[in-house]
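Each chain, letter by letter, is given below.
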Amino acid sequence: MMITMINLSTKELLDLGSSLIRMVLDPDSYPWLAIPLIGGLVRDLIDHPPLGYRPLTKDILVGEGCLISSRAELVGPAVIGPGTEIRPGAFIRENVLIGSHCVIGNSTELKNSILFDLAQAPHFNYVGDSIMGRGSHIGAGVILSNLKSDKSEVRIRGLGGLDIATGLIKLGAILGDGVEIGCNSVCYPGSILGRGSVAYPLTAIRGVVSSQTLLKADGAMVPKRRENRHD
C-alpha cells in the first residue's frame, strides 16, 4: 500500500467536541493558526469561568476532580480540565489549555499548548507551542521541539513537495487524535502527525506523517495493519 498525503485541516486531524478548545480552532483552517490565540482564550476562560471550573489561583483555573500534586509547579495562565492528573515535578508554564482526564507527569514542561481530552505527556516531556489531539500519548523523553536552531520561520513540509509557510517562529507539533510517539523521539518544529499514526521509539520526526501510518526509526513509513490500530 502507498502512503498518501493527508488533509491538514483541523477537522481532519482533531475531534472538536470540546467546547473550550474549539473556540480557537476553525474546522476548515490549519490547526497551527490557533497557536497565537491560546493565550487570549486561556485568559478569557480564567476571567469568565465555565460551569464546573473554579479558580485555584489568579492564573490557574481547574475543573472538578483534578488531582494536582503539591510538588508540581503551576505558573500559568493555564486552564486544567476535569479529572486531569498533574503529577509531582510537572511544570505548567504560560498559556496552557488542558482538557479532561489528561495526564501530565514528572519533569514534563508545557508552554503555550493545547491538550485535548485524554491526552498524556507522563514522563520527561517538553510540549511547546503544540497541540496534542484526543487520546494522544507521548512516551518517556519525547520532545515536541518548537524553535529551529537558526530561529527562522517554521514551515510545514511533506509528501509531494508540500511546503507551507506558517508565519510562526515558534511552532512545535500537531498530533492528531490517537497518535502514539515512542520513547526518546523528537518532533522537529512543524511536525504534523495524522490521526492514529504511530512513531517508533528513538525516531526523529520531520514534516507530515499520514494518518494510520507507522513511522519507523529509520524514517520509513508504512500503513498500520488493522490489528495494530489503537483508535
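Residues numbered from 1 in each chain as written. Predicted model: local features only at pLDDT ≥ 70, side-chain atom pairs only at ≥ 80, totals over all residues. Heavy atoms only, no water.

Draft legend 1. Just the overall build of the protein, in detail. The helix and strand tally for the protein stands at three helices and 27 strands. Taken over the C-alpha atoms alone, the protein extends approximately 50 × 35 × 30 Å along its principal axes. A burial count over the protein gives 51% of its 231 residues as buried. A fraction of 30% describes how many contacts in the protein between residues 6 or more apart in sequence connect residues 24 or more apart. Accessible surface, the protein: about 10,200 Å² in total, of which carbon and sulfur atoms supply 53%. Here the protein contributes 22 positively and 22 negatively charged side chains, and the mean placements of these two sets differ by 4 Å. (Helix = DSSP H or I, 4+ residues; strand = E, 2+ residues; numbered from the N terminus. Buried < 20%, exposed > 50% of the residue type's maximum accessible area, 1.4 Å probe, protein only. Contact = heavy atoms within 4.5 Å. Areas by Shrake-Rupley, 256 points an atom, 1.4 Å probe, with all protein chains shown as cover. Lys, Arg positive; Asp, Glu negative; His and termini not counted. Charge placed at Lys NZ, Arg CZ, Asp CG, Glu CD.)

Draft legend 2. View of the pattern of salt bridges. Considering all chains together, one arrives at 13 salt bridges under this definition. Note that Glu94 and Arg93 form a salt bridge whose closest N and O atoms lie 3.3 Å from each other. We classify Glu94 as partly exposed; its relative accessible area is 27%. In this structure Arg93 comes out as partly exposed when scored by relative accessible area, which is 22%. Notably, a salt bridge pairs Asp177 with Arg195, separated by 2.7 Å at the nearest N-O pair. Residue Asp177 is located in the loop between strand S19 (173-175) and strand S20 (180-181), and its partner Arg195 is located in the loop between strand S22 (191-193) and strand S23 (198-199); the two are separated by 18 residues in the primary sequence. (Salt bridge = Lys/Arg side-chain N within 4 Å of Asp/Glu carboxyl O.)

Draft legend 3. Layout of the nonpolar core. Ranked by internal contacts, the top residues of the largest apolar core, which has 33 residues, are Leu8, Trp32 and Ile156. Going through the elements one at a time, helix H2 (19-22), helix H3 (38-47) and strand S18 (162-165) are the ones with two or more residues in this core. The leading source of residues in this core is H3, at five residues. If we ignore the near neighbours within four places in the chain, the residues touching Trp32 are Leu8, Ile156, Ile164, Thr166, Leu168, Leu171, Ile174 and Ile192. (Core = buried A, V, L, I, M, F, W, Y, C linked by side-chain atoms within 4.5 Å.)

Draft legend 4. The arrangement of the sheet that holds strand S10 (residues 109-111) in detail. Spatial strand order, S4-S7-S10-S13-S16-S21-S24: seven strands in an open sheet with parallel pairing. Two strands bound the open sheet, and with one partner strand each, they are strand S4 (73-74) and strand S24 (204-205). The pairing of strand S16 (residues 143-144) with strand S21 (residues 186-187) spans two bridges and is classified as parallel. Each residue of the ladder has a partner; that of Leu144, found in S21, is Cys187. (Pairing = 2+ DSSP bridges.)

Draft legend 5. Quick look at the sheet that holds strand S5 (residues 78-80). Spatially, nine strands are ordered S1-S2-S5-S8-S11-S14-S19-S22-S25 in an open sheet, and the strand pairing comes out mixed. Looking at the sheet topology across the chains shown, the edges are occupied by strand S1 (53-57) and strand S25 (208-209). Pairing of strand S8 (residues 96-98) with strand S11 (residues 113-115), which is carried by three bridges, proceeds in the parallel orientation. Residue pairing in the sheet places Leu97 in a bridge with Ile114 of S11. Sitting on the sheet, H3 touches strand S2 (60-63), S5, S8 and S11, and the angle it makes with S5 is about 65 degrees. (Axes fitted to C-alpha atoms, helices over the stretch in contact; angles between N-to-C directions.)

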